[in-house]
Amino acid sequence: NLAQETRTVDGVELHYHCSRYKVVPETYRPTEEEQKAQAEGSLSFGYGGPDVKIEEYKTQILYWQDGGRHCQLFQMNGALSANDLFEMATECIRAK
């Protein structure tokens, strides 16, 4: 994984995960390095048609469960840092 972290805010566990997502044509064959990253959970693939343009994204997700609510913050190639996402989640938790 590019990054993985857990923090606790007011008794609520926040789980952060950052990885890469690569869009490829259906005939694409991952390199050995990509296969290793995929096995480690730091890279996932999305397969499209033969004309799809190969693109790679950085994905970040921060999720938590607060009582009966399941919450998440997600961004692709965004400008927010992990700390920014943790701060936003903290605001949500403390706003109740």
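Everything that follows concerns the structure shown earlier in this document.
Residues numbered from 1 in each chain as written. Predicted model: local features only at pLDDT ≥ 70, side-chain atom pairs only at ≥ 80, totals over all residues. Heavy atoms only, no water.

Participant: Honestly, the side chain of Glu34 in this entry has me stumped. Any pointers?
Facilitator: Along the chain, the position of Glu34 falls in helix H1 (residues 32-40). For Glu34, a relative accessible area of 8% gives the class buried. (Helix = DSSP H or I, 4+ residues; strand = E, 2+ residues; numbered from the N terminus. Buried < 20%, exposed > 50% of the residue type's maximum accessible area, 1.4 Å probe, protein only.)

Participant: Help me understand the nonpolar core in this model?
Facilitator: Across soluble globular proteins, nonpolar side chains show a tendency to be buried alongside one another. Among the nonpolar cores identified, the biggest contains 14 residues, and Leu14, Tyr16, Leu62, Trp64, Ala89 and Ile93 are the most heavily contacted of them. If you list the elements that add at least two residues to this core, you get strand E2 (12-25), strand E4 (55-66), strand E5 (69-76) and helix H2 (82-94). Here the element with the most residues in this core is H2; it accounts for five residues. Excluding its chain neighbours within four sequence positions, the residues that come into contact with Tyr16 are Ala3, Gln4, Glu5, Gln60, Ile61, Leu62, Ala82, Leu85 and Phe86. One finds Val24, Tyr28, Ala37 and Phe45 within the second-largest nonpolar core, a separate group that totals five residues. (Core = buried A, V, L, I, M, F, W, Y, C linked by side-chain atoms within 4.5 Å. Contact = heavy atoms within 4.5 Å.)

Participant: Quick question: what am I supposed to make of the pattern of salt bridges here?
Facilitator: A side chain with one charge may pair with a side chain of the opposite charge, provided their charged atoms come close. Inspection of the entire model under this criterion finds five salt bridges. Between Arg7 and Glu5 there is a salt bridge, with its nearest N and O atoms 2.6 Å apart. Taking relative accessible area as the criterion, Glu5 reaches 30% and is therefore assigned partly exposed. Note that Asp10 is salt-bridged to Arg94, the shortest N-O span being 2.9 Å. With a gap of 84 residues between them, Asp10 in the loop between strand E1 (3-9) and E2 and Arg94 in helix H2 connect regions that are remote in the sequence. Arg94 shares its class with Asp10; the two are exposed. (Salt bridge = Lys/Arg side-chain N within 4 Å of Asp/Glu carboxyl O.)

Just geometry here; none of it tells us what the structure is for.
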